[in-house]
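Observations on the model geometry
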Amino acid sequence: MALKSAIRNLRNNPNLLYVRLPNLVSFICIVVGVVWLLLLPLNEYSRQTYISENALLPGQVHAYFTGSEQNIFRGYKKELEGLLNDGQARGGQKDEAEVTAALSDKLQSILQAAGLKVATQKYEYTSAGITHQGENTYAIIHAPRGDATEAIVLVAPWKTADDELNLNGVTLALTLARYFKRWSLWSKDIIFLIPPDSKTGTQAWIDAYHDMHPASVQPLPLKSGALQGALVIEYPFEHRFQTLHIVYDGVNGQLPNLDLFNTAVAIAGGQMGIGANLQEMWGHDDSYEHRLQTMFRGMTKQGLGYATGAHSSFMPYHIDAITLQTKGEGWEDEMALGRTIESLCRSLNNLLEHLHQSFFFYLLMQSNRFVSIGTYLPSAMLIAGNFTIMAIALWIRTGYYPESKPSAKPKNEKAPTEEKGTNTIVERNTIAERYLALPLSLVVGLHLLGLVPLWVFNNVFHQYFTTTTYIFVVVDIILPLLLAAILSNGLGVSKPIIPQQYHLIKSFSLLLLGLSLSTLATLNFSLSFMIGLLCAPLSFIPRLRGSVPFRLATSSLGLVLLNLVSPPAVLLGVCWYMGVSVETVLTQAAFGWDVWGMWTQVVVWCVWWPAWLIGCVLLGSSIF
Amino acid sequence: MTVLSLFSLPFVALILSLWSSSAFASSDYHEHLLLQPLPQSSLLASFNFRSNTSQQSFDQQHFRYLPRALGQILQHAHTKELHLRFTTGRWDAESWGTRPWNGSKEGGTGVELWAWIDAPDDEEAFAKWITLTQSLSGLFCASLNFVDSTRTTRPVVSFEPAGDHSAADQLHLLHGTLPGEVVCTENLTPFLKLLPCKGKAGISSLFDGHKLFDAAWQSMSVDIQPVCSADGECVVQIEQTVDMVLDIDRSKRSRSNPIPRPVPNEQLVCDTSKPYNSDDTCYPVEKTSEKAWSLAEIFGRSLNGVCPLTDFDGSSDQSVCLRVPHERGVFISEEANEIKKDDGFTRCFKLAPSVPFDLSIPQQPANTEVPLDEPVLHAERTIVGHGQERGGMRIIFGNPSNTSAVDFIYFESLPWFLRPYIHTLHATITGHDGVLREVPASEIVKETYYRPAIDRERGTQLELALSVPAASTVTLTYDFEKAILRYTEYPPDANRGFNVAPAVIRILDTAHNVPIYIRSTSLLLQLPTPDFSMPYNVIILTSTVIALAFGTIFNILVRRVVSLDEAAALGAQTLKGRILGKLVAIRDRLRGKDTKMD
């Protein structure tokens, strides 16, 4: 009976049902979402990795890349070193272009002598006023009895993702090309791609391979079949290495099939006895803290959505790719890396179908532990859901006159939500008509306004990025107050706004935010989670009532706090914390937009920023 | 082997004497092998077997060299001319030059079959075609029975009958391909059985499945056509060829140790002129001299004399020829004779019957090379774009000649689930200067024959008459849409994608009056494929949810909750209730009696 009366009480008290309860539920959603994420590294919630595609058979073949192949490796290396040093020795006399041309010729002659089909591709990209240009050299081993229907790509960029000279990597690719040519077991063509750097080269090549390249990129004169996988080799130092660092994040947070990563780990660890690391976690002791840290690092990269290496460009074309980086000082030499790659290529060569078995959505927390999408998705979904709950509650609440007493309408607890603004059944003055025109146009207008910073930050020259950011911080302070003033007083332009419309503005804004974030969560979980957390205060921003000094003080404090989590302020804060310049980050972002097809900015400026702006306007309107 | 030959000789002599006295003098048999080293340590071995049977004896089912199994199939299916091809690998025109037989004896990857069938109308022709493919499927152990209406086309201008046909025949050309068919030893065995010497003697004794199917490129063909001389005497000619490009290094590896391990350090061939050259550093020199090889090393066995059924007249007794410069030393078995030809590159060998023949070439510095003809046209076809819904086809034709244009027919048969948008057919010309000119497709495409696909019934057939100007490259592109298949239409194998048959290019070379054929590589088409275990899971899950939800809701909707006395009142009013009430009353009365009796 106690329960029954409690429910009846709730029915009769819309204030509790539509004002207090949603706040509580939203808050619980956020807390549970965060706690959920923190639980993931525990053994009970994460899983041991396993190879799902049986055809891969990792490490089941003997790798023969040893012995005299090392002599050839050294020979090739000396040859390339000679050309590089030649350029350095003459100092300014011989310019960069000449050295590059000589190196390209040498690569071509080596690959041609080994019996491969060689071609080159020139490209040029312009982003934020910086021109990136270069020339890709690539060569194809035709599968001995194949028909150019499928291919594997081996990439050895001249510059690694950290902009170091990858001489050993390139030499290893050349030696492997000569060695692979002798084998008759290849069922797929093998393409050796040597781009000048890790950022632009592979992107130009893979775009042209699918005929999706811009006019500034040359088409490919030589092609093979459907690409089944790609491996990037990075060995940027002279000494022997200790472990392999496997980089797997793609553009826009896309990930390669987990089977590819697992195969690399299984071959490196199981067959070759080389440890495998991920996310720059060198001393991973499999503790909760380290697992969580690994996961967060992965989520940061995924959320920011930038290319973490030469492999990232392959992901948008549904080609699974990873980078193998050598790290540390240890016993393993280039031949061990060569054997690892040989074994990986043999595994990929076994594939009958495109990698499809295992997971494409996962969070890794150790080289052999992961959580799959089914386990982690509720976390971001709960956070996105909190906005939707709040939006629906506000919508229902706007159906009532706020001043009507709860006791006056015991029977109308189920407000007909279907009845939009044009309702005709007004019963006993308890159901309000919703004035939708202003809230709708304001919310849509502010979302469209997001296109302005999106355009500005992708098209301004790189030297103006810092200034633009500071200008935007100022704009973000002034714009909400201005909008709030216009809304509250009408300024002679329109009728003054009624309180119900504030709720509707907030409702629509949160509805859009929740919708966008929950959709985004299935595509890029981490980005959705991060934006969701940063937007979490927006759910709880009320329009304050009370005495003028109280409103002024509280809303000013709230605005200051909100301004601290505005997009440009967060950018500045993170840059300051990480110790990188704003210009670098924004140049990279603009480059990502122009070259890689990165969508992070769209989410920031067209989802996060409008929602934040509307939150500020609501809070600001308390002042007036 | 000699024992066998000794046995067979008198037998063969007997048969020969018998047949020479008979009326069918036009029956004969020839075989020929041409060996030609190609760049990159490859060796082209081109085998040719040809025999004639007079039309008269063919009609009377008097088979001698023509295999009976094949002859009867042809007669049953009213097939007047038949061409069957088994091909794997790709011909590397860039390094190997023109194709053997100008490409007329090879097919696209997999199996290709085309035939001229005598039938009064199209339907009957197709019925006979199905009979033909079914029978050939059994004969050659190939999946030719999968050549159904969706894989059959009727090319209009791409193929011309090679034989001489009588005007009375109503011939229908049908063409079918199986691009995904893997050609292997099971196809070689029936192929060998068709030969008069069945791989026991003559050049066919070199066929070893292990070596043949290790070739980088390999093509087997069977052609049957009527050939008439000027005086009206007709013969049925069967020609079988096997062409293969072997990798000399790979073929020479022993079967017990086929792994190409790294060579010992001392066997590395290094460039000693490099300053850093030392014991542990080696810049390899790839080609210093022509490789040494011998027949026995390459083919794993030696040539077993000559096939005794071969007609020895004129030059046809020189059944093995080799194309290397005359200054190269060649060692041959003692009983054979070497005849050098005037062109400076070809030498042929006259083999002694029933004596094994071997031929070996020592390693020698390469001074002169056998000139290779430049192909008249380069063609490359690739699928562009990505995603599961749409794609595009890109075909590049390069004309290496600086003086003459190339006219050719481009023939493509596409599966029905690849739906081309012909309105997007678009051509660009690039000169050797690299300048791109965009021209309307009509300027390059002279004629078009297009037969659109019907879903699940027939594929698209596209024939274009094209012309590529001198020293330029033409790029043809068109977009296509990928159909979504019904789930039963996916093959039960691993989903690698769907093979699209290679395009056939027929070059119209009026000067030489021989057709030149080029085939593009086959393509792999990725169709939207369901994860077949997922629908299963989804069906189970939804069924459970529906059962639970529907059951409960239906229950709530239909069930009426009433008090006991209400239920009695409700029940008493209906007919059924009244009858039941009566029954209960009777039962109670009976019970009452029972209790009384107790």
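Per an unreviewed UniProt entry, chain B carries the name Gpi16 subunit, GPI transamidase component and comes from Penicillium roqueforti.

Per an unreviewed UniProt entry, chain A carries the name Gaa1-like, GPI transamidase component and comes from Penicillium roqueforti.

Glancing now at the overall build of chain B. Helix and strand content of chain B: 13 helices and 30 strands. Computed over C-alpha atoms, the radius of gyration of chain B comes to 35 Å, more than 25% over the 25 Å expected from 2.2 N^0.38 for 598 residues, which places it beyond the range of a compact globule. Dimensions of chain B along its principal axes, counting C-alpha atoms only, are 125 × 75 × 60 Å. Across the 598 residues that make up chain B, the buried fraction comes to 36%. Excluding contacts between residues fewer than 6 apart, the proportion of contacts in chain B whose partners are at least 24 apart in sequence is 73%.

A few words now on the sheet that holds strand β10 (residues 362–366) of chain A. Residue and element names in this part refer to chain A. Read across the open sheet, the three strands follow the order β1-β11-β10; overall the sheet is antiparallel. Strands at the two margins of the open sheet, each flanked by one partner only, are β1 (47–48) and β10. Pairing analysis gives two bridges linking β1 to strand β11 (residues 369–372), with the strands arranged antiparallel. Within the sheet, the bridge partner assigned to Q48 lies in β11 and is R369. Lying over the sheet, helix α8 (residues 288–304) contacts β10 and β11, oriented at roughly 140° with respect to β10. In the packing of helix α10 (residues 373–397) onto the sheet, contacts are made with β10 and β11, and the angle to β11 comes to roughly 60°.

Another aspect to go through is the domain arrangement of chain B. Residues and elements named next belong to chain B. Partitioning chain B into structural domains gives domain 1 (28–252 + 266–365), domain 2 (378–530) and domain 3 (535–570). Taken over C-alpha atoms, the centre of domain 1 sits 28 Å from the centre of domain 2. Across the side of domain 1 that touches domain 2, the residue classes break down as five nonpolar, 13 polar and three charged.

All right, on to unusual backbone geometry then. All names here are of chain B. Phi angles above zero are rare outside glycine, and R456 is one such case at about 65°. Assignment of secondary structure puts R456 in the loop between β24 (445–451) and β25 (460–468). We note that A471 has phi near 50°; this positive angle belongs to a residue other than glycine.

Another point: helix α14 (residues 499–523) of chain A. Over its 25 residues, α14(A) extends 37 Å from the first C-alpha to the last, a length consistent with the 36 Å expected when each residue adds 1.5 Å. With 18 of 25 residues buried, α14(A) lies mostly within the body of the structure.

Right, let's get into helix α3 (residues 68–76) of chain B. Residues and elements named next belong to chain B. Within α3, the full set of buried residues consists of L70, I73 and L74. In an axial view of α3, the angular spread of the buried residues amounts to 100°, which keeps them on one side of the axis. In this structure, α3 carries R68, Q75 and H76 as exposed residues pointing more than 90 degrees from its buried face. Buried residues along α3 sit in contact with β3 (79–89), α5 (122–140) and β7 (217–228).

We now examine the environment of T153(B). Residues and elements named next belong to chain B. Structurally, the position occupied by T153 is in strand β5 (residues 152–153). Taking the C-alpha atoms as reference points, T153 and G176, separated by 23 residues in sequence, lie 6.3 Å from one another. Residue contacts for T153: discarding those within four places in its chain leaves H175, S413, G459 and Q461.

Right, let's get into the interface of chain B and chain A. One widely used convention gives an interface's size as the accessible area the parts lose upon coming together. Contact residues are listed per partner, giving 38 residues for chain B and 34 residues for chain A. Classifying every residue of the side of chain B that touches chain A gives 15 nonpolar, 15 polar and eight charged.

Quick look at the sheet that holds strand β29 (residues 516–519) of chain B now. Residue and element names in this part refer to chain B. Overall, antiparallel pairing links the five strands, which are arranged β24-β25-β21-β28-β29 in an open sheet. Each having just a single partner strand, β24 and β29 make up the two edges of the open sheet. Averaged over all neighbouring strand pairs, the angle between strand axes comes to 15°, with direction disregarded. Bridging between β24 and β25 involves six bridges; their strand directions are antiparallel. Considered in β25, the bridge of R451 is made with Q461.

In this fold, G330(A) is placed in strand β9 (residues 321–332). For G330(A), the residues in contact, after removing those within four places along its chain, are R240(A), F241(A) and Q242(A).

Here we take up the pairing of β7(B). Residues and elements named next belong to chain B. Of the strand pairs in this sheet, β3 and β7 are connected by eight bridges, and their pairing is antiparallel. Looking at β7, one finds that G89 is bridged to W217. As defined by bridge partners, β7 adjoins strand β8 (residues 234–247) across twelve bridges and the pair is classed as antiparallel. Bridging from a neighbouring strand, M220 pairs with V242 of β8. Counting the residues that bridge the hairpin from β7 to β8 gives five residues, and of these G232 lies at a positive phi of roughly 90°.

Attention shifts here to the confidence of the model for chain B. Residues and elements named next belong to chain B. Taken over all residues, the pLDDT of chain B has a mean of 84, while the share at 70 or more is 91%. Counting interchain partners and residues more than four positions distant, the pLDDT-below-50 stretch residues 1–25 has 16 contacts. Of the two predicted TM-score estimates for the complex, the pTM is 0.86 and the ipTM is 0.82.

All names here are of chain A. At a closest axis distance of 10 Å, the pairing of helix α7 (residues 258–271) and helix α9 (residues 334–350) adopts a crossing angle of 135°. With respect to α9, the axis of α7 lies oblique. For the pair α7 and α9, the sense of crossing is right-handed. Contacts between α7 and α9 involve T263, A264, I267, A268 and Q271 from the first element and T340, S343, L344 and S347 from the second. Here the contact of α7 with α9 is composed, by residue class, of four nonpolar, five polar and no charged.

Cut-offs applied
Residues numbered from 1 in each chain as written. Chains lettered and ligands numbered in written order. Predicted model: local features only at pLDDT ≥ 70, side-chain atom pairs only at ≥ 80, totals over all residues. Helix = DSSP H or I, 4+ residues; strand = E, 2+ residues; numbered from the N terminus. Rg over C-alpha atoms; globule rule 2.2 N^0.38 Å. Buried ≥ 20, exposed ≤ 12 C-beta atoms within 10 Å, placed from the backbone. Contact = placed C-beta atoms within 7 Å. Pairing = 2+ DSSP bridges. Axes fitted to C-alpha atoms, helices over the stretch in contact; angles between N-to-C directions. Domains from an automatic or database assignment. Nonpolar A, V, L, I, M, F, W, Y, C, P; charged D, E, K, R; others polar. Expected span 1.5 Å × (residues − 1). Arc of directions from axis to C-beta. pLDDT = per-residue confidence, 0-100. Parallel < 35°, antiparallel > 145°, perpendicular 65-115°, else oblique. Left-handed = near helix turned anticlockwise from the far one by under 90°.

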